[in-house]
Amino acid sequence: MRATMIHAPGDIRFEQRPDPRITEPADAIVRTVATCVCGSDLWSYRGINPVGDPHPMGHEYVGVVEEAGRDVDTVRPGQLVIGSFIASDNTCPHCRYGFQTACMRREAMTTCQAEYIRIPQAGGTLVAVPGDPDPALLPSLLTLSDVMGTGWYAAVAAQVKPGGTVAVVGDGAVGLCGVLAAKELGADRIIAMSRHHDRQKLALDFGATDLVTERGDEGVARIMDLTHGVGADSVLECVGTAESSAQARRATRPGGSVGFVGLPHGVEIDGGDLFGSMVGLRGGPAPVRRFLPDLIDRVLSGRMAPGKVFDLTLPLSEVAEAYRAMDERRAIKVLLQP
Ligand SMILES: [Zn+2]
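The name recorded for the protein in an unreviewed UniProt entry is Putative zinc-binding alcohol dehydrogenase, from Nocardia aurantia. Turning to the protein, the UniProt annotation filed under Cofactor (unreviewed entry) states: "Zn(2+)".

Pasting the structure below:
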C-alpha cells in the first residue's frame, strides 16, 4: 500500500509501505475511505516538535473493515467505521468512566494518512455507522474522529448548559467545532474569538452570536464588556499557547469552567491566580470514543454538519500539498481521499 511519511520538517512523502497485518487477535484492518491533516500534524511539519527518524503520519479516519481479528466482536468486515485518534478497549475502569483516552490499553493512532490502517483494540475503538449513509455526509462523519469530538469534549468539559454564555478561544477547526457543540448543547450566547474573515463566517454559520477580533488583554476586556463585567459561564480553550490559556481563564466568571483541548505549549498556571479565580479547569486529550455514537446520530439525522470545516479536498496521493495548504493557511482543514 501507499502511506504518508514525514522525513524531515516540511518533507512529507506519499510512498510504498508494507501492508498492515493483524498482529493481535483484537486488531482489525481498515481500508481508508477518508482521512485528513490535523492542526497538530503541523507541529512536526514546522519542526516545532522534533521529527527524528522518518515515520508515518495521521490519526483521523473513516474506513471500511477489511479484516477483523478473532477477538473483535462489535464490528465486522464490510462495515463503515469511525474511531478516535486513541485506540481503547472500552472496557477498563477509565473507559467505563468515559475517559477512553486514558485507557489502560490505549495506543495512539499514528498511521492513518494511508490506504490501509491497523486498528488495535478494534472492538472497543471502532464504532460502526448504521445503514448506508449518503456519501455527502462523509466529511461530517470524518470530523467525529478528532476535531468535532474534541470540540464537543471542550464544550462538555467547560460545562456548557442550556441558556449559558460561552466564549471560544481559537478559530481553527477544533474551535469552530466547539462553537457548533456549544450551540447543540443549548448555549444562548456564543462568543467566537477570530480575526480571519472565512473563519468568522463559518463560526456564525455554526451558531456564534458575537465575534471578538481582539486578543490578550484587549480580548479579555471585550468579553467582559459583552458580559456586563461578569465573564463567560463556559470558555473553550482550543489553541494551547500561554496567551490563549491565560485569556480563557481570565474571561471565565467565578464559578465558571474552562474546557481546554489545545495541546499546551509553554502554558504555566499560577496557583494563587487559580485559587483566586474560582474557575474550574478540565481538559486534555478528548475521550472522543465516549461521544461517537451520539455524534454519529446527530450527523446522520442532519442536525449538524461539522464537515463544513473542510474547505479543500485532495486525493491522498497529494498529501504533501495538503500540508502546505494548511501550513500556509490557505485551507482551514484538508480532506484526503484514496
Ligand atoms: Zn480502556
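Now, onward.
**Q** Can you tell me about the packing of helix α5 (residues 147-157) against helix α11 (residues 288-300), naming the residues and giving the values?
**A** Packing of α5 against α11 brings their axes to within 9 Å, and their N-to-C directions diverge by 105°. By the angle between their axes, α5 is roughly perpendicular relative to α11. Contacts between α5 and α11 involve M148, G149, T150, W152 and Y153 from the former and V288, F291, L292 and L295 from the latter. Grouping the amino acids of the contact of α5 with α11 by side-chain chemistry returns 7 nonpolar, 2 polar and no charged.

**Q** I'd like a description of the domain arrangement of the protein, backed by residues and values.
**A** Entries for the protein in the domain assignment read domain 1 (2-146 + 287-337) and domain 2 (147-283). Here the C-alpha centre of domain 2 lies 26 Å away from the C-alpha centre of domain 1. Domain 1 puts 19 residues into the contact, and the matching count from domain 2 is 16 residues. The element best represented in the side of domain 1 that touches domain 2 is α11, accounting for 5 residues. Taken together, the residues that form the side of domain 1 that touches domain 2 break down as 10 nonpolar, 5 polar and 4 charged.

**Q** Tell me about the nonpolar core, and please be specific about residues and values.
**A** In globular proteins that are soluble, nonpolar side chains generally tend to be buried together. Within the largest apolar cluster, 103 residues are counted, with the highest numbers of intra-cluster contacts made by A28, V166, A167, V168 and V179. Structurally, this core is a two-domain feature, drawing no fewer than three residues from each of domain 1 (2-146 + 287-337) and domain 2 (147-283). In this structure, V168 is in contact with G175, G178, V179, A182, I190, A192, M193, L236 and C238, ignoring residues within four places of it in sequence.

Calculation notes
- Residues numbered from 1 in each chain as written.
- Predicted model: local features only at pLDDT ≥ 70, side-chain atom pairs only at ≥ 80, totals over all residues.
- UniProt positions renumbered as here; feature names shortened; annotations may be inferred.
- Axes fitted to C-alpha atoms, helices over the stretch in contact; angles between N-to-C directions.
- Helix = DSSP H or I, 4+ residues; strand = E, 2+ residues; numbered from the N terminus.
- Parallel < 35°, antiparallel > 145°, perpendicular 65-115°, else oblique.
- Contact = placed C-beta atoms within 7 Å.
- Nonpolar A, V, L, I, M, F, W, Y, C, P; charged D, E, K, R; others polar.
- Domains from an automatic or database assignment.
- Core = buried A, V, L, I, M, F, W, Y, C linked by C-beta atoms within 7 Å.
- Buried ≥ 20, exposed ≤ 12 C-beta atoms within 10 Å, placed from the backbone.

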